[in-house]
Amino acid sequence: MTVDKKLIDQMLADYKKPEDLIGDNGLLKQITKALIERVLSAELTTHLGYEKHDPGGYNSGNSRNGSTKKTLKGNFGELELETPRDRDGTFTPVMVAKGQTRFTGFDDKIISMYARGMSAREITEHLKEIYGVDVSAALISNVTEAVMEEVKTWQGRPLEEVYPIVYMDALYVKIRDNGHVENRAIYVAIGINLEGSKEVLGLWTGQNEGAKFWLNVLTEIHNRGVRDIFIVCVDGLKGFPESIEAVFPRAEVQLCIVHMVRASLNYVPWKQRKEVAVDLRKIYTAATAVEAETRLNEFAAKWDSRFPSVSQIWRRNWARIIPFFSYTAEIRRAIYTTNAIESLNMSLRKIIKTRGSFPNEAAAMKLLYLALQNASKKWTRSIQDWKGALNRFSILWPDRMPALERN
């Protein structure tokens, strides 16, 4: 719709400074008020079936009955409206619904700020500073609490039957319980589907990260429709591989190489870490498992006199490391690290850090879910050379690949 330029010039005739346009009583706010009230009036006309002052409306059974004042919060600040009403009380406005106190999209702004880790107090101050709107902490809580039903639906949704790769890890949040603050584990699982796209399979909370709880997570994933996983990438948690194989017996468990390197460097002083990391790289970039073992022996010969724990870590976990060497370059790139989940956890940890502790697990899940939805919007690219990896999977496990993909 084209706006008459002469009309614009008329409205701006007295314009002298920006406040005249965007100030608390500026032109934009006045226009917004006028347009909304005009729409509400038109909606009432449609409801009654006749125009205001139209004689045809006499004795029609219902009529206009003045208006009610309402304060609407939005990007424009607080707006005082005159909302029309009918005598029978049957008019249900659409533009500004009964009981509505916030303009469409305003709640989304609150949720967006909450998802970025802002506290209720910070959101209140921000809205007051930017929009001149007073919003209570109770209102913010009510707006974000409505997300919990969405969380429950998301957490119980059906999953795909096959995920070629799944990454599993946990992070910790502080939960207040009976006056004490304690660490609780948040379990995260990310699947790479047959299209090569990342998908968070769910979030779960537990007292501490443990193989027994992971068994419950894996069972839930199975119950939600997952029938097969080709490769599961995990850290070195004791008993974790056995939990995976109990639910998905054909899955290959691959220890995250980056986790192995980080665990190794924990035993090395800062001054030697760079040199040790370079020598570790020779192990996991080897072309074959035989070559990798040769490089590990060379590493041990050089460093065991000072840091014997490093080579011991690799030897102790060797059975869960060497599957890596049987894959082609494109699959290695995909499973070399749990980076898909590490990058997500990093963004979640930033948000958790700003909040300190949570009053309960539900509050933590609510924030993490919103933060997760916010982060996943940036997941636009599939894993590099996914088609090559998928072709390799078809050769390795032809009976496990869906028929559509084999064709």
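As a reminder, the structure under discussion sits directly above these lines.
Report follows, based on the coordinates. (Residues numbered from 1 in each chain as written. Predicted model: local features only at pLDDT ≥ 70, side-chain atom pairs only at ≥ 80, totals over all residues. Heavy atoms only, no water.)

With that settled, the discussion passes to the overall build of the chain. On a plain count of helices and strands, the chain comes out with 19 helices and eight strands. Here the chain, with 407 residues, has 44% of them falling under the buried criterion. Contacts in the chain between residues far apart in sequence, at least 24 positions, make up 63% of those at least 6 positions apart. Accessible surface for the chain amounts to roughly 22,200 Å². Of this, 53% is attributable to carbon and sulfur atoms. (Helix = DSSP H or I, 4+ residues; strand = E, 2+ residues; numbered from the N terminus. Buried < 20%, exposed > 50% of the residue type's maximum accessible area, 1.4 Å probe, protein only. Contact = heavy atoms within 4.5 Å. Areas by Shrake-Rupley, 256 points an atom, 1.4 Å probe, with all protein chains shown as cover.)

The full count for this structure, using the stated rule, is 12 aromatic pairs. Geometrically, the ring pair formed by Tyr187 and Phe213 is stacked, given 4.3 Å between the ring centres and 20 degrees between the ring planes. Of the two residues, Tyr187 sits in strand 4 (residues 180-192) while Phe213 sits in helix 8 (residues 211-223), which places them 26 residues apart along the sequence. Where Tyr187 meets Trp214, the ring centres are 4.8 Å apart and the plane angle is 80 degrees; that geometry is what we call edge-to-face. Taken together, the residues Tyr187 in strand 4 and Trp214 in helix 8 connect sequence positions 27 residues apart. On the accessibility criterion, Tyr187 (0% relative accessible area) is buried. A network of ring pairs unites the aromatic residues Tyr187, Phe213, Trp214 and Phe240 as a single cluster. (Phe/Tyr/Trp six-rings, centres within 6.5 Å; stacked < 30°, edge-to-face > 60°.)

Turning to the side chain of Gln155, a few remarks are in order. Mapped onto the fold, Gln155 is located in helix 7 (residues 147-155). Here Gln155 falls in the buried class, since its relative accessible area comes to 13%. Among the polar contacts made by the side chain of Gln155, one reaches the main-chain amide nitrogen of Leu203 at a distance of 3.1 Å. Once residues lying within four places of it in the same chain are set aside, the contact partners of Gln155 are Gly202, Leu203, Trp204, Glu220 and Arg224. (Polar contact = N/O pair within 3.5 Å; in protein donor to acceptor, adjacent residues only side chain to side chain.)

It is worth spelling out the packing of helix 7 against helix 17 (residues 361-376) at this point. At a minimum axis separation of 10 Å, helix 7 and helix 17 run at an interaxial angle of 75 degrees. Taken together, helix 7 and helix 17 sit at an angle that is classed as roughly perpendicular. Facing Val147, Met148, Glu150, Val151 and Trp154 of helix 7, the residues of helix 17 in contact are Ala362, Lys366, Tyr369, Leu370, Leu372 and Gln373. Split into classes, the residues belonging to the contact of helix 7 with helix 17 amount to eight nonpolar, one polar and two charged. (Axes fitted to C-alpha atoms, helices over the stretch in contact; angles between N-to-C directions. Parallel < 35°, antiparallel > 145°, perpendicular 65-115°, else oblique. Nonpolar A, V, L, I, M, F, W, Y, C, P; charged D, E, K, R; others polar.)

If you look at the biggest cluster of nonpolar residues, it comprises 99 residues, and the most contacted ones within it are Met168, Ile221, Ile231, Leu280, Trp314 and Phe393. Top contributing element to this core by residue count: helix 17, with 10 residues. Excluding anything up to four places from it in sequence, Trp314 contacts Ile257, Met260, Val261, Ser264, Leu280, Ile283, Tyr284, Leu296 and Ile321. Membership of the second largest hydrophobic core comes to six residues, among which are Leu40, Leu72, Leu81 and Val96. (Core = buried A, V, L, I, M, F, W, Y, C linked by side-chain atoms within 4.5 Å.)

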